[in-house]
Amino acid sequence: MGALPYGFFHSPKSPQRKVSVLMSIPRHGRSALLATAAVSVALAASVAVIGTADAASTLGASAAQTGRYYGAAIAAGRLGDATYTRILTTEFNSVTPENEMKWDATEPSQGRFTYTNGDRILNQGVAMGAKVRGHALLWHQQQPSWAQSLSGTALRNAAINHVTQVATHYKGKIYAWDVVNEAFADGGSGARRDSNLQRTGNDWIEAAFRAARAADPAAKLCYNDYNTDGVNAKSTGIYNMVRDFKSRGVPIDCVGFQSHLGTGLPGDYQANLQRFADLGVDVQITELDVAQGSNQANVYAGVTRACMAVSRCTGITVWGIRDSDSWRTGENPLLFDNSGNKKAAYTSVLNALNAGGPTTPPTTSNPPPPTTSTPPPPTGACAATVSLNSWTGGYVATVRVTAGQAAVSGWTVSLSLPSGSAITGVWSAANTGSTGAVSFRNVSYNGQIAAGGFTEFGFQGTGSGPTATPTCAAG
C-alpha cells in the first residue's frame, strides 16, 4: 500500500534533509483563487458570529477553556525573531522543540550530553507559563554517528542510557515525552519498521517506556507516528501495541498523531482517535500542518472539532508558526503567512475551539501510586527481584536492584537460568555467561544507588525465564 489517501510519507523535519510530498497539491486557475478568497472572507466574517462573552481571542486561551492546550513546535534559532516570538507568546500555551531534544542534539558524543538549545526551548515555555512537550527520546532518524555505528546489546544499552539521562535532566519539567517516534512501517503489514533499534529486540519500545517512567514518573509518556490519521494497517498495528502495553502494565499514557495532511481529512479521523482513547490513553495531535488550498481552513477546523469531540484528546500542536518556518517548503501549511498574518485557517481553528464549550476533559495526570505502605529497604547491602514477560519460546526479564540501608557503589546480581534457557540480549548491565549460572554487573551509569533506592536492568532470552530469586552483592 502506498501513501494514504489523505496523507503522505514523512521527512525527519530536520534542516539536514527534505523529501517531496507524495500528496501533490493541484494547481488552481483564476476562478479557484477567487473561490479561495471568498472562503477566506466568509471564515473571517464568522468571527462576529462567535463573538460571545465566553469566546477567547487566542488559540491557547480558547483551548484552555476546555482544559486543553494549543501549541507550536518551535526552533531555538528563531527565538530572536520578533514576529515569531510575538505570535508564539501571544497565541500558544504549549511548545515542542523541533530538533533540540533529539538524540543527535543532546548526546553528540557517547556519554557527553549537551542541553543548551533544549534548555532554551524549556525556558521559553516556562517563561510563557506553557506546557512543554519533549520530542523525541528515541528515533531511527537523527541519531548521532556514534550510535549509528552500534548494534545489538551495545546499542540497546546506549539507547536506554540516553532515555534515562535526558529524561532525568528534564525531570519534573516536561508535560509529555514522545518516548519513541515512528517505529512502525508504512504499507499494509501493520508491522514494526526495520531499524537498528528494532534489531536490538522487539521489546526495545517497552524498555524505553519503562526507562522513561523510572527517570521521570510525572511526565506523560507518548508513542508518536505519522500516516495514522484514519483506521488503517499502520494505525491498527500501533493500536495493538498500545492495547498489549496497557494489558501488561507497560507505562504508556498517550499516543501522538502527527497529522501532516494534504487536501482532505479521513472520514474516520475522529473514530480513530476515539478507539485509542477507549484503550485508556490520552490522544494528542502532535505535528499538525495542512497543505494550502481552498480546503485548508476546513481541514484545520475538522481536526480541531474531532479533538474537541474526544474527551481524552488533550491538545493540538502545529508544526511551526508561519508558513516560512515550515519544513513543507512551498506548501504554506500553517496558520500564519510568511509575514505573520493570520490566515483563514487560523479563524476556522479559533471558531472550532470556542465552539467546544467550557467542559473540561477528564484529568490526565498520572494516577497516584497505590496507597500501600513502602516496603522497608532490604536488610542486606542490596536485593534483587525479577519480573517476567513470557511467551512460547522466549521471555523478557526486568530485574530491579534495591539498595539496603546504606548507599551502594556498584552491584552484582547472580541467578540461575532453567535448562534450555539462553540469554540473547542484555541492557543496562554487563553479563557473565548466557546459560545456567549467570551474573550481571552494573554499567557506568547505574552503579550508584542511594540508600533504599533502586535501579533496573533487563535481558531477553529463549526458553523459559528464571523463577528463583536472584542474589545481590554490593561493591
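Rules behind the numbers
- Residues numbered from 1 in each chain as written.
- Predicted model: local features only at pLDDT ≥ 70, side-chain atom pairs only at ≥ 80, totals over all residues.
- Heavy atoms only, no water.
- Helix = DSSP H or I, 4+ residues; strand = E, 2+ residues; numbered from the N terminus.
- Buried < 20%, exposed > 50% of the residue type's maximum accessible area, 1.4 Å probe, protein only.
- Contact = heavy atoms within 4.5 Å.
- Salt bridge = Lys/Arg side-chain N within 4 Å of Asp/Glu carboxyl O.
- Polar contact = N/O pair within 3.5 Å; in protein donor to acceptor, adjacent residues only side chain to side chain.
- 1 Å grid on protein atoms, 1.4 Å probe; cavity = no way out; pocket = protein on both sides within 12 Å on 5 of 7 lines; lining within 4 Å.
- Points joined across faces, edges and corners; volume = space filled by probe spheres on them.
- Nonpolar A, V, L, I, M, F, W, Y, C, P; charged D, E, K, R; others polar.
- pLDDT = per-residue confidence, 0-100.
- Pairing = 2+ DSSP bridges.
- Axes fitted to C-alpha atoms, helices over the stretch in contact; angles between N-to-C directions.
- Disulfide = S-S within 2.5 Å.

### Quick look at the overall build of the chain
At step 1: The secondary structure content of the chain amounts to 13 helices and 19 strands.
At step 2: Per-residue burial over the chain gives 55% buried out of 475 residues.
At step 3: For the chain, restricting intrachain contacts to residue pairs at least 6 apart in sequence, the fraction spanning at least 24 positions comes to 77%.

### A short note on the pattern of salt bridges
At step 1: Applying the stated criterion across every chain, the model contains 20 salt bridges.
At step 2: Across the salt bridge formed by Glu98 and Arg78, the nearest N and O atoms sit 3.7 Å from each other. Separated by 20 residues along the polypeptide, Glu98 in the loop between β2 (94–97) and α5 (103–106) and Arg78 in the loop between β1 (69–74) and α4 (82–91) bring together distant segments of the chain.
At step 3: On the basis of relative accessible area, Arg78 is assigned to the partly exposed category, the value being 27%.
At step 4: Arg210 is the salt-bridge partner of Glu206, the closest N and O atoms lying 3.2 Å from each other. Of this pair, Glu206 and Arg210 both sit in helix α9 (residues 204–215), separated by four residues, roughly a single helical turn.
At step 5: Using a relative accessible area of 7% as the deciding quantity, one classes Glu206 as buried.
At step 6: With relative accessibility at 26%, the residue Arg210 sits in the partly exposed group.

### Looking at the side chain of Asp178
At step 1: Within the secondary structure, Asp178 is located in strand β4 (residues 176–181).
At step 2: On the basis of relative accessible area, Asp178 is assigned to the buried category, the value being 1%.
At step 3: At 2.8 Å, the side chain of Asp178 forms a polar contact with the side chain of His135.

### Quick look at the layout of surface pockets
At step 1: When its volume is computed, the second largest pocket comes out at roughly 580 Å³.
At step 2: What lines the second largest pocket is a set of 25 residues, and nearest its centre among them are Thr164, Ala211, Ala214, Thr455 and Glu456.
At step 3: Counting only elements with at least two residues in the lining of the second largest pocket, the list comes to α8 (152–169), α9, β11 (394–403), β17 (448–449) and β18 (454–462).
At step 4: With six residues, the top contributor of residues to the lining of the second largest pocket is α9.
At step 5: Residue classes in the lining of the second largest pocket are distributed as 11 nonpolar, nine polar and five charged.

### Thoughts on the confidence of the model for the chain
At step 1: Overall, the predicted model of the chain reaches an average pLDDT of 85, with 83% of residues at or above 70.
At step 2: In this model, residues 1–12 is a region of pLDDT below 50 whose contacts with residues beyond four sequence positions or in other chains number 50 contacts.
At step 3: In the predicted structure, residues 358–374 sits below a pLDDT of 50 and forms 23 contacts with residues beyond four places in sequence or in another chain.

### Quick word on the sheet that holds strand β19 (residues 471–474)
At step 1: Here four strands make up an open sheet; going across it, the order is β15-β16-β13-β19 and the pairing antiparallel. Sheet topology places β15 (430–432) and β19 at the edges, where each strand pairs with a single neighbour. Along the sheet, successive strands turn relative to each other by an average axial angle of 20°, direction set aside.
At step 2: Of the strand pairs in this sheet, strand β13 (residues 411–416) and β19 are connected by four bridges, and their pairing is antiparallel. Considered in β19, the bridge of Val413 is made with Cys472.

### Focus on the state of the cysteines
At step 1: Summed over all chains, the structure comprises three disulfides.
At step 2: Linked covalently through their sulfurs, Cys222 and Cys254 form a disulfide whose S-S length is 1.9 Å. Handedness of the Cys222-Cys254 disulfide follows from its S-S torsion of about -75°: it is left-handed. Of this pair, Cys222 sits in strand β5 (residues 220–225) while Cys254 sits in strand β6 (residues 254–257); the two residues are 32 residues apart in sequence, bridging distant segments of the chain.
At step 3: Judged by its relative accessible area of 0%, Cys222 falls in the buried class.
At step 4: With relative accessibility at 0%, the residue Cys254 sits in the buried group.
At step 5: Disulfide partner of Cys382: Cys472, at an S-S distance of 2.0 Å. Across the disulfide from Cys382 to Cys472, rotation about the S-S bond amounts to roughly -105°, and the bridge is consequently left-handed.

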